[in-house]
Amino acid sequence: MLSAQERAQIAQVWDLIAGHEAQFGAELLLRLFTVYPSTKVYFPHLSSCQDATQLLSHGQRMLAAVGAAVQHMDHLRAALSPLADLHALVLRVDPANFPVSPFRPGQWCSAQPGELRGSLEGQTPSHRPLLLQLLIQCFHVVLASHLQDEFTVEMQAAWDKFLTGVAVVLTEKYR
């Protein structure tokens, strides 16, 4: 799935944000709720205030799962299976919360038109769950805003590909 260079880029970015999972996760959720207010229905238990304990806690849990996925890139299914089971079987998150988007990867990226499209085409599913797609998009923005020039277009492409794989694993229990 990922080349050696992509794996190195993902690990490099994770090393830069490790230890800041709660802050980045809360910012990701706040950005999601601000830019896409309709997504708040998927997280009714969270406050929209960035310093809210629940927002920080859920952001921490979300990025801890991403960190686990980074640590187990070769075994995503095994590493994320408990989380996928939790959402699908225990919490019984309605699969309708994960509608499929008609957009192709690369269409919504913050890069200039065409910058990522060529490198992603054929490497990621043409449809991914909309909520997870919006989370991925907002995560890219959070990374870019904090890491600025350190978060290159190639790193964004690697993270997009990686997070798409994570999204597929997390939603496959619903099929």
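See the structure above.
Bear in mind that the values here come from a model prediction, so they are computed numbers and not experimental data.

Cut-offs used in this document
Residues numbered from 1 in each chain as written. Predicted model: local features only at pLDDT ≥ 70, side-chain atom pairs only at ≥ 80, totals over all residues. Heavy atoms only, no water. Patch = residues over 30% accessible without salt bridge, like charges linked within 9 Å, V, L, I, M, F, W, Y side chains within 5 Å. Areas by Shrake-Rupley, 256 points an atom, 1.4 Å probe, with all protein chains shown as cover. Salt bridge = Lys/Arg side-chain N within 4 Å of Asp/Glu carboxyl O. Helix = DSSP H or I, 4+ residues; strand = E, 2+ residues; numbered from the N terminus. Expected span 1.5 Å × (residues − 1). Buried < 20%, exposed > 50% of the residue type's maximum accessible area, 1.4 Å probe, protein only. Contact = heavy atoms within 4.5 Å. Core = buried A, V, L, I, M, F, W, Y, C linked by side-chain atoms within 4.5 Å. Axes fitted to C-alpha atoms, helices over the stretch in contact; angles between N-to-C directions. Parallel < 35°, antiparallel > 145°, perpendicular 65-115°, else oblique. Nonpolar A, V, L, I, M, F, W, Y, C, P; charged D, E, K, R; others polar. Phe/Tyr/Trp six-rings, centres within 6.5 Å; stacked < 30°, edge-to-face > 60°. Lys NZ or Arg CZ within 6 Å of the ring centre and 35° of its normal.

**What to know about a nonpolar patch on the surface**
A cluster of nonpolar side chains, Leu 86, Leu 89, Val 90 and Leu 91, forms an exposed patch at the surface whose accessible area comes to about 380 Å². Along the chain, the position of Leu 91 falls in the loop between α4 (76-90) and α5 (117-120).

**A few points about helix α2 (residues 21-35)**
End to end, α2 covers 21 Å across 15 residues, agreeing with the expected 21 Å (1.5 Å per residue, within 8%). For α2, the set of buried residues is Glu 21, Phe 24, Gly 25, Ala 26, Glu 27, Leu 28, Leu 29, Leu 32 and Phe 33. Those residues of α2 that are buried lie in contact with α1 (4-17), α3 (53-71) and α6 (130-147).

**Regarding α6**
With 18 residues, α6 ought to run about 26 Å at 1.5 Å a step, and its terminal C-alpha atoms sit 25 Å apart, in line with that. Counting buried positions along α6 yields 13 of 18 residues, so the element is predominantly enclosed. Looking one or two residues beyond α6, the residue adopting positive phi is Gln 148, at roughly 45°.

**Re the nonpolar core**
Formed by 44 residues in total, the largest nonpolar core has its most connected members in Leu 143, Trp 159 and Phe 162. In this view, Phe 162 contacts Met 1, Leu 2, Ile 10, Val 66, Ala 69, Val 70, Met 73 and Leu 76; residues no more than four positions away in its chain are not counted.

**Digging into the packing of α2 against α3**
Two elements in contact, α2 and α3, have axes whose closest approach is 7 Å; the angle formed by their N-to-C orientations is 105°. Between α2 and α3, the angle is such that the two are roughly perpendicular. Between α2, through Glu 21, Ala 22, Gln 23, Phe 24, Gly 25, Ala 26, Leu 28, Leu 29, Leu 30 and Phe 33, and α3, the contact on the second element is made entirely by Leu 55, Leu 56, His 58, Gly 59, Gln 60, Met 62 and Leu 63. The residue inventory of the contact of α2 with α3, partitioned by class, reads eleven nonpolar, five polar and one charged.

**Notes on the packing of aromatic side chains**
Each aromatic ring pair is specified by the distance between its two centres and by the angle formed by the two planes. Evaluated as defined, the whole model comprises two aromatic pairs. Arranged with centres 5.7 Å apart and planes meeting at 70°, the rings of Phe 139 and Trp 159 form a pair that is edge-to-face. Here Phe 139 is found in helix α6, whereas its partner Trp 159 is found in helix α7 (residues 153-171), with 20 residues between them in sequence. Both residues of the pair, Phe 139 and Trp 159, belong to the buried class. Taking the centre distance of 5.6 Å and the plane angle of 90° together, the rings of Trp 159 and Phe 162 count as edge-to-face. Here the residue Trp 159 and the residue Phe 162 both occupy positions in helix α7, the gap between them amounting to three residues, near one helical turn. There is no split in this pair, since Trp 159 and Phe 162 are both buried. For the cation-ring pair, Lys 40 lies above Phe 33, with the distance from its terminal atom to the ring centre recorded as 5.0 Å.

**Some remarks on the environment of Val 141**
Take Val 141: it is sitting in helix α6. Accessibility expressed as a relative area gives 28% for Val 141, which makes it partly exposed. Through-space distance from the C-alpha of Val 141 to that of Gln 156 is 9.7 Å; in sequence the pair is 15 residues apart.

**Here we look at the environment of Thr 164**
Among the structural elements, Thr 164 can be located in helix α7. Measuring from C-alpha to C-alpha, the distance between Thr 164 and Ile 136 comes to 8.0 Å, with 28 residues separating the pair along the chain.

**Observations regarding the pattern of salt bridges**
A complete count under the given rule lists three salt bridges for this structure. The closest approach of N and O atoms between Glu 6 and Lys 161, which form a salt bridge, is 3.1 Å. In this pair, Glu 6 is assigned in helix α1 and Lys 161 in helix α7, connecting sequence segments 155 residues apart. Here the two residues Glu 6 and Lys 161 agree in accessibility, since each one is buried. Among the ionic pairs, Asp 74 bridges to Arg 7, the shortest N-O distance being 2.5 Å. Of this pair, Asp 74 sits in the loop between α3 and α4 while Arg 7 sits in helix α1; the two residues are 67 residues apart in sequence, bridging distant segments of the chain. With a relative accessible area of 26%, Arg 7 lands in the partly exposed category.

Keep in mind these values describe shape, not function.
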